[in-house]
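# Tertiary structure, described
As a plain string of letters, each chain reads:
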Amino acid sequence: MRLSIRVTSLHTPTSTRVNYWSSALRVRLKHTMADHSSSTAWPAKKVRETFFEYFRSKGHTFVPSSSTIPYEDPTLLFANAGMNQFKSIFLGTVDPHSDLSKVKRAFNSQKCIRAGGKHNDLEDVGKDSYHHTFFEMLGNWSFGDYFKKEAITYSWELLTEVYGLPKDQLYVSYFGGDPQTGLEPDLEAKQLWIDQGVPESHVLPGSLKDNFWEMGATGPCGPCSEIHYDHIGGREAAHLVNQDDPLVVEVWNNVFIQFNREDDGTLRPLPSKHVDTGMGYERLELTGVRPYEGKFGEEDVDGIDTAYRVVADHVRTLTFALSDGGVPNNVGRGYVLRRILRRGARYARKKLGVTIGSFFSSLMPVVIEQMGDVFPELMKRPDEVKELLDEEEVSFARTLDRGEKMFDQYASRAKNQGNRLSGKDVWRLYDTYGFPVDLTRLMADELRLTFDDKEFEEAQAASKEASKVQKKDTKDAVKLDVHDIAALEKNAAVPKTDDSAKYGLGNVDSKIVAVYHNKSFLQTTSVIPEDVTFGILLDRSSFYAESGGQEYDTGSIVIDGEAEFEVTNVQVFNGYVLHIGQMKYGSLKVGDEVVSSYDELRRWPIRNNHTATHILNFALREILGDHIDQKGSLVAPTKLRFDFSHKAQVSNPDLIKIESLSQDWIRHNVNVYSKELDLRVAQKIPGLRAVFGESYPDPVRVVTLEFDVEDIARDIENSKWRQTSVEFCGGTHVAKTGEIKDFVITEESGIAKGIRRIIAVTGNEAKEVRRVGEALKAKLDYIDTLDGKEKDAALKAYTVELNQADISLLQKKDLQDRLSTTRKAFDKSVKEKEAAANKAAADGLLQFFKEHPNDDAYFAILDVEGNAKALQNVALQAKKLSKSTYVFSVDSQNGKVAHVNAVSSHAKSKGVDAREWANAVVQVVGGKAGGKEDGAQGVGVEVSKVEDALKAARDYYSQWV
């Protein structure tokens with residue numbers, strides 16, 4: 001393991017910040033400190049506390065870590081350095097009213113994830129001891145207080161005197177410049193190291209690649225100065241620095257941030273410069289099939305030590321990221337988290353022999369126990385994080401076995417093809433079995449196989465192009481009509497589909513009983529053209545067909561390694577479940593044994609939303625009355641929609657009660673029951689909710705909350721059943737209401753006379769709308785601190801943003817009320833200020849001529865923020881007095897523009913043409929003017945020359961008068 005420390009600086013003596021980072025400081029100290037014989041002398045807590053104590057003694061204040069999920073910075077997937085949360089200070093955009101703007105010296109332990117984007121260590125985790133996706137960056141920071149000299153001094157003192165690293169085994173590097181980019185060498189840093197007593201032979205110039213640090217594709221960056229440690233000692237190792245030698249490793253990096261990387265790739269000097277140093281810190285150790293032995297590469301014959309390192313790293317990354325609000329999915333940072341979990345799950349199952357399903361969540365308590373005191377956010381919602389981890393792990397477990405078997409087949413074939421996997425096969429592993437490309441690459445590396453990235457990308461592109469064609473309305477394109485159904489009912493070989501497995505979890509083995517295309521039943525798919533949508537009937541299916549407002553499932557019908565049919569829609573026709581989609585590869589025929597594999601990650605939120613719809617239906621009746629009847633619904637993965645009879649808009653107080661009651665059901669975490677009952681018996685249950693006019697099967701499936709359907713059936717007319725939700729429903733539901741996690745109403749509207757509609761979200765979507773809502777609330781709080789035209793522009797932009805935001809309806813109404821109040825108060829204030837400024841400006845002119853009655857002209861710079869009306873008002877007063885005037889006003893908040901107004905009362909008598917006068921003077925401030933001979937106006941941009949222009953106005957006028 002290595003100690004690595006990073007210092008970054010934005011380069012002026014008035015503003016610095018420092019941050020250190022290392023992978024495993026404790027182990028490095030074990031090998032280097034003469035006065036400590038084992039790592040137990042420096043446990044994790046002591047390492048951190050020693051760092052904190054050192055910088056506390058230097059007058060620094062503790063600043064908590066920011067989230068690993070940088071919601072407000074679209075340039076980053078994750079917080080990847082301690083400097084991220086201070087980015088606004090570097091760029092000069094920090095809110096001057098915030099606590100952050102007042103920070104001078106600080107220290108912290110920043111949570112960092114490097115698993116995507118510019119800084120990505122994911123594929124190297126496990127191969128060595130010093131690459132991690134998650135690490136703490138212990139950091140000390142200075143803003144406008146100390147700079148390079150102190151930063152370097154602190155880093156050297158902490159390493160050598162506090163932690164005890166031997167000086168003669170340390171080498172330092174500095175940025176040696178880069179002629180191509182015109183960047184000069186950092187000779188100041190070089191000299192500072194020499195001043196510390198480092199021999200010149202240990203002070204080395206570095207390249208742009210090694211000694212110029214950047215946070216991401218854009219953002220603050222600058223030259224860096226590293227400290228490297230030679231494991232061996234007693235030798236000269238300068239030639240091994242930055243050569244990937246495992247015995248000469250970087251342990252500290254000082255980055256002097258003085259530029260901003262713009263979107264076009266250019267470097268723009270920052271207005272002020274800072275230093276950041278940081279020390280990343282030890283890894284979680286884990287015991288498993290055998291004790292960890294610290295073996296690497298070929299020495300780790302069974303791969304168990306590598307698996308230890310991978311699992312230890314990945315469980316920390318996942319625990320922290322999900323606790324900070326991250327959610328595994330198939331987009332952006334969510335997909336990175338999914339890749340991390342699946343990579344770790346495969347290692348755990350393959351190398352450690354564990355059962356996949358709840359493995360990572362079983363390790364999570366260890367992370368919380370070890371880190372919760374420093375990062376209390378880990379303890380806020382562990383149950384929710386556990387559910388997310390288990391949900392992802394269970395989903396991958398469903399395809400992991402099959403995917404590994406397919407990989408083995410592809411690998412065997414590759415060994416006869418120059419040890420090269422087909423790019424199409426790699427895409428198949430990704431698309432069908434959920435194997436991220438980096439996981440397949442890892443598995444290929446273990447067998448010394450390669451694959452062509454270009455082939456993979458081509459296969460991916462071809463699949464996506466085919467999907468675009470398939471996105472057309474497959475429901476209308478493929479459906480069974482009355483004649484098709486009649487033909488099926490006469491065919492004893494095609495039974496009605498047994499889809500009872502849709503209420504369970506996991507895949508089912510099925511048999512193809514019919515292939516339907518172009519109004520015909522076929523024996524094989526091989527006669528159907530490519531990229532054509534058609535249908536398949538199975539004897540039994542795990543897919544849910546669209547009904548009762550719930551959307552259909554998607555997924556695949558597969559013969560592993562031979563054929564895959566992508567299911568994009570599922571419809572039921574008189575008991576025949578038709579799976580609609582296209583062949584991805586291979587062909588299928590009637591009689592084939594296949595795997596019916598629905599997309600569990602899509603169905604999971606649908607279950608949440610369907611049970612939440614029942615809860616909402618119950619809450620509406622409880623709050624609004626028994627007249628509420630369901631008029632329609634939609635249960636989708638991202639939302640639920642419920643239409644109901646009600647004559648008036650639902651009031652805010654009632655919406656609050658409805659939402660609160662729904663959330664109470666979720667918090668109580670009651671069981672959800674279902675069972676088929678005789679229709680006539682079930683219709684007698686008190687409080688039963690059913691859709692008016694709907695035809696229900698007999699027997700009918702009854703879904704209830706809290707009370708078991710069997711208990712209800714034994715006492716069918718008991719009035720207490722009215723205290724819960726009882727509905728006829730064939731949809732999929734959660735096992736317990738707590739799985740829904742949250743419920744937020746986002747819309748309430750009228751869709752027809754007497755019909756209202758509520759749209760709501762649950763689970764992860766609810767968490768996101770709450771996060772966005774809080775961000776909008778914070779933004780309005782910030783706008784309240786602004787003034788003048790800056791506040792006016794911010795209010796206009798905020799109005800648009802709020803109206804378009806998909807957030808809690810109740811919160812949106814509150815924010816709209818606040819915004820309206822703020823807007824009115826601001827407009828009133830502006831009018832009052834303008835009136836006062838206008839009066840003061842006019843009074844100034846009158847007072848001037850009162851004191852100087854013999855003067856013919858008035859010259860002034862008016863404090864009216866470029867208000868044209870105020871300038872015109874002064875000009876009008878001058879005309880009334882038969883006087884000339886030349887007045888200026890600087891608009892300091894709107895592009896820093898100078899406005900001028902010239903009035904000549906002597907245009908005819910003395911030949912002073914206001915247009916010529918204004919033009920001659922406004923040129924001084926880089927502008928133009930126009931108007932009439934007795935009055936002209938102009939605008940200039942060089943506001944620093946307003947005093948010169950005022951003098952020019954006097955001089956011009958004096959020539960004629």
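Residues numbered from 1 in each chain as written. Predicted model: local features only at pLDDT ≥ 70, side-chain atom pairs only at ≥ 80, totals over all residues. Heavy atoms only, no water.

In the annotation of an unreviewed UniProt entry, the entry for the chain reads Alanine--tRNA ligase, and the organism field reads Somion occarium. You can read under Sequence similarities (unreviewed entry) in the UniProt record for the chain the words "Belongs to the class-II aminoacyl-tRNA synthetase family. Alax-L subfamily." The Subunit (unreviewed entry) field of the UniProt record for the chain holds the comment "Monomer." (UniProt positions renumbered as here; feature names shortened; annotations may be inferred.)

Another aspect to go through is the overall build of the chain. Looking only at helices and strands, the chain features 25 helices and 34 strands. Expressed as a percentage of contacts within the chain between residues at least 6 apart in sequence, the contacts between residues at least 24 apart total 72%. Carbon and sulfur atoms make up 49% of the accessible area of the chain, which amounts to about 41500 Å² in all. (Helix = DSSP H or I, 4+ residues; strand = E, 2+ residues; numbered from the N terminus. Contact = heavy atoms within 4.5 Å. Areas by Shrake-Rupley, 256 points an atom, 1.4 Å probe, with all protein chains shown as cover.)

In this section: unusual backbone geometry. Proline 699 follows aspartate 698 through a cis peptide bond whose omega is 5 degrees. Here proline 699 shows up in the loop between strand S25 (688-689) and strand S26 (700-705). A positive phi is found at lysine 519, a non-glycine position, where the angle reads about 65 degrees. Secondary-structure assignment places lysine 519 in the loop between strand S15 (508-517) and strand S16 (520-522). Even without being a glycine, asparagine 669 presents a positive backbone phi close to 55 degrees.

Let us look at helix H12 (residues 437-446). Summarising burial for H12: 7 of the 10 residues are buried, a large majority. A positive backbone phi angle near 60 degrees is found at arginine 448, which sits one or two residues after H12. (Buried < 20%, exposed > 50% of the residue type's maximum accessible area, 1.4 Å probe, protein only.)

Right, let's talk about the pattern of salt bridges for a bit. It is possible for side chains of opposite charge to pair when their charged atoms get near one another. This structure, assessed with the given rule, holds 55 salt bridges. Where lysine 111 meets aspartate 324, a salt bridge forms, and the shortest distance between an N and an O atom there is 3.0 Å. Here lysine 111 is found in strand S3 (residues 105-113), whereas its partner aspartate 324 is found in the loop between helix H7 (304-323) and helix H8 (332-351), with 213 residues between them in sequence. With respect to class, lysine 111 is no different from aspartate 324; both count as buried. (Salt bridge = Lys/Arg side-chain N within 4 Å of Asp/Glu carboxyl O.)

Bringing helix H9 (residues 359-371) into the picture now. With 13 residues, H9 ought to run about 18 Å at 1.5 Å a step, and its terminal C-alpha atoms sit 19 Å apart, in line with that. Phe359, Phe360, Ser361, Leu363, Met364, Val367, Ile368 and Met371 are the residues of H9 that are buried. On its buried face, H9 sits against helix H2 (44-57), strand S6 (134-142), H7, H8 and helix H10 (382-415). (Expected span 1.5 Å × (residues − 1).)

In space, the 4 strands of this open sheet follow the order S22-S23-S29-S28, with antiparallel pairing throughout. Two strands in the sheet have a free side with no partner beyond their single neighbour: strand S22 (630-635) and strand S28 (743-752). The average undirected angle you get between the axes of adjacent strands in this sheet is 15 degrees. The sheet contact formed by S22 and strand S23 (residues 640-645) spans 5 bridges and is antiparallel. Looking across to S23, one finds that glutamine 630 is bridged to phenylalanine 644. On top of the sheet, helix H16 (residues 600-624) reaches S22, S23, S28 and strand S29 (755-762); it is set at about 25 degrees to S23, its chief contact. Sitting on the sheet, helix H20 (residues 763-784) is in contact with S28 and S29, with an inclination near 95 degrees to S29. (Pairing = 2+ DSSP bridges. Axes fitted to C-alpha atoms, helices over the stretch in contact; angles between N-to-C directions.)

For the structure on display, the rule yields 28 aromatic pairs. With a centroid separation of 4.9 Å and 50 degrees between ring planes, the pair formed by phenylalanine 51 and phenylalanine 55 is classed as tilted. Residue phenylalanine 51 and its partner phenylalanine 55 are both found in helix H2; the two are separated by 4 residues, about one turn of the helix. Summarising the aromatic geometry, the rings of tryptophan 427 and tyrosine 430 are spaced 5.1 Å apart at their centres and angled 25 degrees between planes, so their arrangement reads as stacked. (Phe/Tyr/Trp six-rings, centres within 6.5 Å; stacked < 30°, edge-to-face > 60°.)

In this section: the side chain of asparagine 608. Note that asparagine 608 resides in helix H16. Every residue in contact with asparagine 608, bar those within four places of it in the chain, is listed here: Val734, Glu739, Ile740 and Thr762.

Helices that pack against each other are described as a pair by the angle of their axes relative to one another and the distance between those axes. Two elements in contact, H2 and helix H4 (residues 148-162), have axes separated by 12 Å at closest approach and are oriented at 130 degrees. By the angle between their axes, H2 is oblique relative to H4. Note on packing geometry: the crossing formed by H2 with H4 is right-handed. Taking contact as the criterion, the partners of Thr50, Phe51, Tyr54 and Phe55 in H2 are, on H4, Tyr154, Glu157, Leu158 and Val162. Each residue belonging to the contact of H2 with H4 can be placed in one class, and the counts come to 6 nonpolar, 1 polar and 1 charged. (Parallel < 35°, antiparallel > 145°, perpendicular 65-115°, else oblique. Left-handed = near helix turned anticlockwise from the far one by under 90°. Nonpolar A, V, L, I, M, F, W, Y, C, P; charged D, E, K, R; others polar.)

So, on to the UniProt feature "binding site: Zn(2+)" (unreviewed entry) in the chain. Under the local residue numbering, the UniProt record ascribes the feature "binding site: Zn(2+)" (unreviewed entry) to His610, His614, Cys729 and His733. In terms of the greatest pairwise C-alpha distance, the residues named above, spread along 124 residues, form a tight cluster of at most 9.8 Å across. Assignment of secondary structure puts histidine 610 in helix H16. Sequence-distant contacts of histidine 610, defined by excluding residues within four places in its chain, comprise Gly548, Gln550, Val635, Cys729, Gly731, Thr732 and His733. In this structure, cysteine 729 sits in the loop between strand S27 (726-728) and S28. Relative accessible area serves as the criterion here: at 11%, cysteine 729 is assigned to the buried category. Beyond its immediate chain neighbours, meaning those up to four positions away, cysteine 729 contacts His610, His614, Arg701 and Val703.

On to the environment of aspartate 843, then. Among the secondary structure elements, aspartate 843 is positioned in helix H22 (residues 809-851). Classification of aspartate 843 by relative accessible area gives partly exposed; the value is 33%. Along the primary structure aspartate 843 and glutamine 877 are separated by 34 residues, whereas in three dimensions their C-alpha atoms are 9.4 Å apart.

Spatially, the 4 strands line up as an open sheet ordered S24-S26-S27-S25, and their pairing is mixed. Bordering the open sheet on either side are strand S24 (672-677) and S25, each of which pairs with just one other strand. As paired elements, S25 and S27 share 2 bridges and run parallel to each other. The residue bridging arginine 689 from the neighbouring strand is glutamate 727, located in S27. Packed onto the sheet, H16 meets S24, S25, S26 and S27 and runs at close to 70 degrees relative to S26.

Here the focus is the nonpolar core. Formed by 61 residues in total, the largest nonpolar core has its most connected members in Phe360, Leu389, Leu421 and Phe435. Of all elements in the fold, only H7, H8, H9, H10, helix H11 (423-433), H12 and helix H13 (453-470) reach the threshold of two or more residues within this core. Setting aside anything within four residues of it in sequence, one finds leucine 421 in contact with Phe407, Tyr410, Ala411, Ala414, Val426, Thr440, Ala444, Leu449, Thr450, Phe451, Asp452 and Glu455. (Core = buried A, V, L, I, M, F, W, Y, C linked by side-chain atoms within 4.5 Å.)

Below, the discussion takes up the confidence of the model for the chain. Mean pLDDT over the chain: 84, with 89% of residues reaching 70 or higher. Counting contacts from residues 1-40, a segment whose pLDDT is below 50, to residues more than four positions away or on other chains yields 241 contacts. Note that pLDDT drops below 50 for residues 277-284; the model gives that stretch 76 contacts with residues more than four away or on any other chain. (pLDDT = per-residue confidence, 0-100.)

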